Amino acid sequence: MNFYKGRVCLNCLTNSIENAKEIYQAAEGYVAVGILSADYPDVESAVKDMKRYQEAVDNNISVGLGAGNPGQWKAVAEISGQIKPKHINQTFTAGGYTRAKTGEGPFLNSMVAPCRKPGYVKISTGPLCKDEEPAIVPVKTAIAMAKEQGADSLKYFPMGGLKAREEFEAVARACAETGFGLEPTGGIDLENFKEILEIAVRAGVERIIPHVYSSIIDKETGATRIEDVAALYEMIKGVVG
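Just so you know, these numbers come straight off a predicted model, no measurement behind them. (Residues numbered from 1 in each chain as written. Predicted model: local features only at pLDDT ≥ 70, side-chain atom pairs only at ≥ 80, totals over all residues. Heavy atoms only, no water.)

**Student:** Would you mind going over the side chain of Asn192 with me for this structure?
**Tutor:** You can see Asn192 is positioned in the loop between strand 9 (181-184) and helix 7 (193-203). Within the structure, Asn192 has its side chain in polar contact with the backbone oxygen of Gly187 (distance 3.0 Å). When sequence neighbours within four positions are dropped, the list of residues in contact with Asn192 reads Gly161, Leu162 and Gly187. (Helix = DSSP H or I, 4+ residues; strand = E, 2+ residues; numbered from the N terminus. Polar contact = N/O pair within 3.5 Å; in protein donor to acceptor, adjacent residues only side chain to side chain. Contact = heavy atoms within 4.5 Å.)

Next up, the structure:
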């Protein structure tokens, strides 16, 4: 993973090889270009196509679930096991399976969710447990469990921007204190990006991967707007210094 000054790597979606190249160039390589497993009918076709993206952006791709869809957990694991991308999005419960498939190379996140209780997160983000009584645990316990599964960071989704600010601040502190990565995701746009990043940087989080998706996608073309990627990158440089 390419982290700007060792701290921040942007994560944005793409819908074409050309768009991916432009995103990569606009962020000077400090970006993981997101490709969703849900956009493919099967693992075989995803592997074939994603290899093209790997070649285009020096493997700086992020294999995604697709709107946090836990039903895609196995597809993500199987795809990642074959292509070894630099970044992988995964449910909390599938971390161990995915790490066993990929080995130690890729940067793997573990998806947890806000729960309206600062200092705690919901870890029941898998396809079966999501429909059961929510499993709410202290953030540091979630981090320890994620580490045991081989994950590198918590993917905090869906944030809803800064609607759960106090909760996000607590998660950032916990990640900083445990040396774990943090990936704020959901409702992030050009208006709140800087403040969200500042919270994580001030807390002392070592590695931050903010996901900025639909808010910077052109509705007509489906492509991520390159001028917006450039603007986000400038904010990263301003916050990190």
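After that view of the structure, there is still more to cover.
**Student:** Sorry, what's going on with the nonpolar core here?
**Tutor:** In globular proteins that are soluble, nonpolar side chains generally tend to be buried together. Leu10, Met50, Val121, Leu154, Leu182 and Phe193 are the most contacted members of the largest nonpolar core, which has 67 residues in total. In this structure Leu10 touches Tyr30, Val31, Ala32, Phe193, Pro210, Val212, Val229, Leu232 and Ile236, once residues within four positions along its chain are discounted. Phe3, Cys9, Ala32 and Ile209 belong to the second-largest nonpolar core, a separate cluster that totals five residues. (Core = buried A, V, L, I, M, F, W, Y, C linked by side-chain atoms within 4.5 Å. Buried < 20%, exposed > 50% of the residue type's maximum accessible area, 1.4 Å probe, protein only.)

**Student:** Sorry if this is basic, but what is going on with unusual backbone geometry here?
**Tutor:** Where the residue is not glycine, phi is negative for most of them; where a peptide bond is considered, it is trans in most cases. Omega for the peptide link from Phe157 to Pro158 comes to 0 degrees, which places this bond in the cis form. Inspection of the secondary structure puts Pro158 in the loop between strand 8 (153-156) and helix 6 (165-178). The residue Lys5 is not glycine, and still its phi comes out positive at about 50 degrees. Of note, the phi angle at Glu28 is positive, near 50 degrees, even though the residue is not glycine. Looking at where Glu28 falls in the secondary structure, it is placed in the loop between helix 1 (17-26) and strand 2 (31-36).

**Student:** Looking at this structure, I do not really get the layout of surface pockets. What am I missing?
**Tutor:** Over the atoms, a rolling probe the size of a water molecule traces out where space has been left empty. Of the volumes computed, that of the largest pocket is approximately 250 Å³. Around the largest pocket, the lining is made up of 20 residues, and of these Phe157, Thr185, Gly186, Tyr213 and Ser214 lie nearest the centre. In this structure, the second largest pocket encloses a volume near 160 Å³. Along the walls of the second largest pocket sit Leu13, Thr14, Asn15, Gly34, Ile35, Leu36, Asp39, Tyr40, Tyr53, Ile217 and Gly222, which together make up its complete lining. Top element by residues in the lining of the second largest pocket is strand 2. It accounts for three residues. (1 Å grid on protein atoms, 1.4 Å probe; cavity = no way out; pocket = protein on both sides within 12 Å on 5 of 7 lines; lining within 4 Å. Points joined across faces, edges and corners; volume = space filled by probe spheres on them.)

**Student:** Could you clarify how one ought to interpret the sheet that holds strand 4 (residues 87-88) in this entry?
**Tutor:** The strands that make up a sheet are held in pairs by hydrogen bonds between backbone atoms, and each pair lies either parallel or antiparallel. The strand order 1-2-3-4-5-8-9 describes an open sheet built from seven strands, whose pairing is parallel. If you trace the sheet from one side to the other, it starts and ends with strand 1 (10-13) and strand 9, each paired once. With four bridges connecting them, strand 1 and strand 2 associate as parallel partners. When the bridges of strand 2 are listed, Leu13 appears paired with Gly34. Sitting on the sheet, helix 1 touches strand 1 and strand 2, and the angle it makes with strand 2 is about 155 degrees. (Pairing = 2+ DSSP bridges. Axes fitted to C-alpha atoms, helices over the stretch in contact; angles between N-to-C directions.)

**Student:** Got a minute to help me understand the packing of helix 1 against helix 2 (residues 43-56) in this structure?
**Tutor:** A pair of packed helices can be characterised by two numbers: the angle between their axes and the separation between those axes. Packing of helix 1 against helix 2 brings their axes to within 10 Å, and their N-to-C directions diverge by 35 degrees. The handedness of the crossing between helix 1 and helix 2 comes out as right-handed. Counted together, Ile17, Ala20 and Lys21 of helix 1 and Arg52, Tyr53 and Ala56 of helix 2 form the full contact between these two elements. (Left-handed = near helix turned anticlockwise from the far one by under 90°.)

**Student:** Honestly, the packing of aromatic side chains in this entry has me stumped. Any pointers?
**Tutor:** Any aromatic ring pair is given by two values, namely how distant the centres are and how the planes are angled relative to each other. Applying the stated criterion to the full structure yields six aromatic pairs. Centroid distance Tyr4 to Tyr233: 5.9 Å. Interplanar angle 90 degrees. Geometry classified as edge-to-face. Taken together, the positions of Tyr4 in the segment before strand 1 and Tyr233 in helix 8 (residues 226-240) put the pair 229 residues apart, joining distant regions of the chain. Here Tyr4 matches Tyr233 in class, with each residue buried. Three or more aromatic residues joined by ring pairs form one cluster here, namely Tyr4, Tyr30 and Tyr233. The residue whose ring lies beneath Lys155 is Phe157, and the NZ or CZ to ring-centre distance is 5.6 Å. (Phe/Tyr/Trp six-rings, centres within 6.5 Å; stacked < 30°, edge-to-face > 60°. Lys NZ or Arg CZ within 6 Å of the ring centre and 35° of its normal.)

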